[in-house]
Amino acid sequence: METRMPVRDLVSDAFGEAFATLDKCVQLFVDAKLEERIYFDHDVFTAGLQTVSELTARAAKLAPEPRVKYLQHWAEHGPQLCQEIITVIERRNPPVMHPQDVKKFLQTPDYY
C-alpha cells in the first residue's frame, strides 16, 4: 500500500528547498562579486529584497498543491537562472548588476 505524503508536509519540504535555493543563488552572486567578475549597482540589494518578498507573496497566495509546484520550479531552476544572469553581466563593460537583472527572477510560468 502506497502512502502519500500529506500536502502540508510537501509544502513544508518545498518551502525549505526553495529557501535553500535562495541561499545558493545569493552565494553565486556574492562569489562572483568577491571574485570581481561582477559588481553590484547600489540598488541591487534593495531589488533583491523586494524580489524575494514578491516571490514569497506569490507562493503564499497559492493553494497548497500549486504552491508546491511553484516552489519546486523555483528550486529546480533558480541556480541555473542565477548563473545565466551572472554570465550576461560578465559580458558587459563594465560588468555591473542592476535591479532589472534581479527582477528576472519574477518571470515564472503562468500555470501557477
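Our subject is the structure listed above.
These remarks concern the structure in this document.

Calculation criteria
- Residues numbered from 1 in each chain as written.
- Predicted model: local features only at pLDDT ≥ 70, side-chain atom pairs only at ≥ 80, totals over all residues.
- Heavy atoms only, no water.
- Helix = DSSP H or I, 4+ residues; strand = E, 2+ residues; numbered from the N terminus.
- Areas by Shrake-Rupley, 256 points an atom, 1.4 Å probe, with all protein chains shown as cover.
- Phe/Tyr/Trp six-rings, centres within 6.5 Å; stacked < 30°, edge-to-face > 60°.
- Lys NZ or Arg CZ within 6 Å of the ring centre and 35° of its normal.
- Buried < 20%, exposed > 50% of the residue type's maximum accessible area, 1.4 Å probe, protein only.
- Contact = heavy atoms within 4.5 Å.
- Expected span 1.5 Å × (residues − 1).
- Arc of directions from axis to C-beta.
- Axes fitted to C-alpha atoms, helices over the stretch in contact; angles between N-to-C directions.
- Parallel < 35°, antiparallel > 145°, perpendicular 65-115°, else oblique.
- Left-handed = near helix turned anticlockwise from the far one by under 90°.
- Polar contact = N/O pair within 3.5 Å; in protein donor to acceptor, adjacent residues only side chain to side chain.

## Description of the overall build of the chain
Right, so step 1: Helices and strands together make up the secondary structure of the chain, namely 4 helices and 2 strands.
Right, so step 2: Ordered by position from N to C terminus, the α and β elements of the chain give α-β-α-α-β-α.
Right, so step 3: Looking at the chain as shown, the accessible area adds up to about 7400 Å², and 55% of this sits on carbon and sulfur atoms.

## A few points about the packing of aromatic side chains
Right, so step 1: Using the criterion set out here, one finds 2 aromatic pairs in the structure.
Right, so step 2: Through pairs of rings, three or more aromatic residues link up here, namely Phe19, Tyr70 and Trp74.
Right, so step 3: The lysine or arginine in question, Lys33, covers the ring of Phe40, its NZ or CZ lying 5.7 Å from the ring centre.

## A look at the side chain of Asp101
Right, so step 1: You can see Asp101 is positioned in helix H4 (residues 99-102).
Right, so step 2: With relative accessibility at 1%, the residue Asp101 sits in the buried group.
Right, so step 3: Sequence-distant contacts of Asp101, that is, excluding residues within four places in its chain, are made with Ile85, Ile89, Arg92 and Val96.

## Some remarks on helix H2 (residues 44-61)
Right, so step 1: For H2, spanning 18 residues, the distance from its first C-alpha to its last is 26 Å, which sits close to the expected 26 Å at 1.5 Å a residue.
Right, so step 2: Residues Val44, Ala47, Thr51, Leu55 and Ala59 constitute the buried set of H2. The buried residues of H2 occupy one face: seen down the axis, they fall within an arc of 110 degrees. Opposite the buried face of H2, by more than 90 degrees, sit the exposed residues Phe45, Ala60 and Lys61.
Right, so step 3: Summarising the contacts, the buried residues of H2 are in contact with strand S1 (39-40), helix H3 (64-90), strand S2 (96-97) and H4.

## Details of the packing of H2 against H3
Right, so step 1: Look at H2 against H3: their axes get within 8 Å of each other, and the N-to-C directions meet at 150 degrees. In terms of orientation, H2 lies roughly antiparallel with respect to H3. Classified by chirality, the crossing of H3 by H2 is left-handed. For the pair H2 and H3, contact is made by Leu55, Thr56, Arg58, Ala59 and Ala60 and by Arg67, Tyr70, Leu71 and Trp74, respectively.

## Things to note about the environment of Asp41
Right, so step 1: Positionally, Asp41 belongs in the loop between S1 and H2.
Right, so step 2: A relative accessible area of 19% means that Asp41 is categorised as buried.
Right, so step 3: Between the C-alpha atom of Asp41 and that of Pro99, which follows or precedes it by 58 residues, the distance is 7.4 Å.
Right, so step 4: Residues contacting Asp41, with those up to four places away along its chain left out, are Val96, Met97, His98 and Pro99.
Right, so step 5: One polar contact links the side chain of Asp41 to the main-chain amide nitrogen of Asp43, over a distance of 2.8 Å.
Right, so step 6: Polar contacts involving the side chain of Asp41 include one to the side chain of His98, which spans 3.1 Å.

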